[in-house]
Structure formats: structure tokens, C-alpha cells
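# Overview (structure and organization)
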Amino acid sequence: MSRIHKVASRSLHMGKLKRGDDLLGAISVICRENNIRLGRVEAIGAVEKATLGYYDQTRKEYDFFTIDTPHEITSLIGNVSLRDGVPMVHAHLTLSDEKGNVKGGHLAPGTIVFACETVIEAFEGLDFNRIIDEDTGLPLWQL
């Protein structure tokens with residue numbers, strides 16, 4: 001059964017990341033420094049290289065791959081919740097090469113910013129805590 005909780009928008013944080021930043025790391029720092037415990041994340045821009053993951057549902061493990069060439073960020077969408085009491089950013093990233101070929105997956109450390117503009121919306125409401133879900137093996141919200 002689906003479980004939905006009502007939350008209210010608290011604040012909006014818009015900004016630019018520095019060239020050379022680790023994309024996931026930089027967004028995570030913003031969330032920690034601004035005490036964003038619950039929210040959503042969007043970004044556009046470009047990366048110098050990327051590390052993305054694909055979750056193998058049979059093995060219940062991520063397979064990671066690296067893209068070692070510059071790409072445009074066509075979409076980054078994600079959320080912020082708590083894991084072990086610390087804000088955790090969970091995001092998916094879609095990238096485009098110079099010919100418009102698209103690649104995407106679970107954003108992982110090692111994705112290096114060329115240029116990036118972010119929007120993070122913080123919410124008020126219940127804490128969404130992540131725990132390992134036995135059925136999927138993923139750290140999902142405990143609602």
C-alpha cells in the first residue's frame with residue numbers, strides 16, 4: 001500500500017557549484033550546512049566526467065560505470081532525506097554527449113562539475129528516514 005505524507009515548502013536554495021566540485025558531494029554539503037533534512041533537488045549544467053550506477057535487482061547490488069568525457073546535464077532530479085540521522089541526497093542524472101546521445105543512472109561520487117546551477121527546495125514535515133528494505137535491498141524511506 002502507498003503511504004503519502006503531507007509536507008510544506010520551507011525554503012528554496014538556488015546557487016552555482018564550482019568547477020571541479022564533486023556533484024553529489026557539493027549538493028550534500030549544501031544540505032548539511034543548511035540543515036535540509038527533507039527536500040528535493042534539481043540541477044542543470046555540464047560535467048567533465050561522471051560516475052553513474054545501475055541497480056541490479058536480481059543481485060541487489062549497484063553496478064557503477066564511468067563516463068570519462070564531457071557531457072551536458074540534461075536533468076538531475078533527486079530528494080533529500082535522512083540516513084543514520086544525516087541528510088542524504090539521492091539523485092538520478094541524465095547526460096547528453098555532443099551528438100545528443102543520452103546516458104543516465106544513479107548519481108555517484110566521482111561526477112565532476114564543469115558548470116552547474118542547482119535548486120534545492122527544503123520541506124517541513126515528518127523526518128523521512130532511510131533504512132534497508134529487506135525486499136529490495138535498497139535504503140528506502142521508512143514511512
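Quick summary incoming for the structure in this document. Throughout, residues of each chain are indexed from 1 in the direction in which the sequence is written. Thresholds applied to this predicted model are a pLDDT of at least 70 for local features of residues and 80 or more for the giving and counting of side-chain atom pairs; totals over whole chains, interfaces and linings are not thresholded and use all residues. Side-chain descriptors were evaluated using all non-hydrogen atoms of the structure, hydrogens and water having been removed beforehand.

### A word on the overall build of the chain
For the chain, the helix and strand inventory stands at one helix and nine strands. Put simply, DSSP marks the helices as runs of H or I at least four residues long and the strands as runs of E at least two long, and each gets a number from the N terminus on. Ordered by position from the N terminus, the helices and strands of the chain form the series β-α-β-β-β-β-β-β-β-β. For a compact globule of 143 residues, the expected C-alpha radius of gyration is about 15 Å, and the chain comes in at 15 Å, within 12% of that figure. Whether a residue is buried, partly exposed or exposed follows from its accessible area with a 1.4 Å probe, protein chains only, as a fraction of its type maximum: under 20%, in between, or over 50%, in that order. Counting all 143 residues of the chain, 38% fall into the buried class. Put simply, of all contacts in the chain between residues at least 6 apart along the chain, 67% involve residues at least 24 apart. The charge count includes Lys and Arg as positive and Asp and Glu as negative, but it does not include His or the ends of the chains. A single reference atom marks each charge: NZ on Lys, CZ on Arg, CG on Asp, CD on Glu. Here the chain contributes 16 positive and 20 negative side-chain charges, whose respective centroids are spaced 3 Å apart. Radius of gyration: C-alpha atoms only; globule rule: 2.2 Å multiplied by the number of residues to the exponent 0.38. The contact criterion used throughout is that any non-hydrogen atoms of two residues lie within 4.5 Å.

### Looking at unusual backbone geometry
You will see that asparagine 35, though not glycine, has its phi angle at about 50°, which is positive. Residue placement: asparagine 35 occurs in the loop between α1 (23-33) and β2 (39-56). Accessibility expressed as a relative area gives 45% for asparagine 35, which makes it partly exposed. The residue aspartate 84 is not glycine, and still its phi comes out positive at about 55°. Checked against the element boundaries, aspartate 84 lands in the loop between β4 (71-83) and β5 (86-96). The exposed category is assigned to aspartate 84, whose relative accessible area is 73%.

### Brief notes about the pairing of strand β6 (residues 102-107)
When DSSP finds two or more bridges between two strands, those strands count as paired. In terms of strand pairing, β2 meets β6 through two bridges, oriented antiparallel. Of the residues in β6, the one forming a bridge with glycine 53 is histidine 106. Between β5 and β6, which pair antiparallel and follow one another directly, the connecting turn spans five residues, one of which, glycine 100, has a positive phi of 85°.

### Describing the pattern of salt bridges
As a working rule, side chains carrying opposite charge can pair if their charged atoms are close by. A side-chain nitrogen of Lys or Arg and a carboxyl oxygen of Asp or Glu constitute a salt bridge if their distance falls within 4 Å. Taken as a whole, this structure holds seven salt bridges when the rule is applied. The partner of arginine 19 in a salt bridge is glutamate 48, with the nearest N and O atoms 2.7 Å apart. Taken together, the residues arginine 19 in the loop between β1 (8-17) and α1 and glutamate 48 in strand β2 connect sequence positions 29 residues apart. The exposure class assigned to arginine 19 is exposed, which follows from its relative accessible area of 58%.

### Here's the deal with the side chain of threonine 118
Here threonine 118 is to be found in strand β7 (residues 112-124). When neighbours within four sequence positions are excluded, threonine 118 is seen to be in contact with His13, Met14, Gly15, Leu17, Ile27, Glu42 and Ala43.

### Side note on the packing of aromatic side chains
Between the rings of Phe, Tyr and Trp (Trp by its six-membered ring), a pair exists once the centres lie within 6.5 Å; its type follows the angle of the planes, with under 30 degrees stacked, over 60 edge-to-face, and the other angles tilted. Tallied over the full model, the rule gives three aromatic pairs. Seen from their ring centres, tyrosine 55 and tyrosine 62 are 4.9 Å apart, and the 65° between their planes marks the pair as edge-to-face. The exposure class assigned to tyrosine 55 is buried, which follows from its relative accessible area of 13%. With 4.8 Å between their ring centres and 85° between their planes, phenylalanine 128 and tryptophan 141 make a pair best called edge-to-face. Here tryptophan 141 lies in strand β9 (residues 139-142) and phenylalanine 128 lies in the loop between β7 and β8 (129-132), a separation of 13 residues in the sequence. Take tryptophan 141: its relative accessible area is 36%, and that puts it in the partly exposed class.

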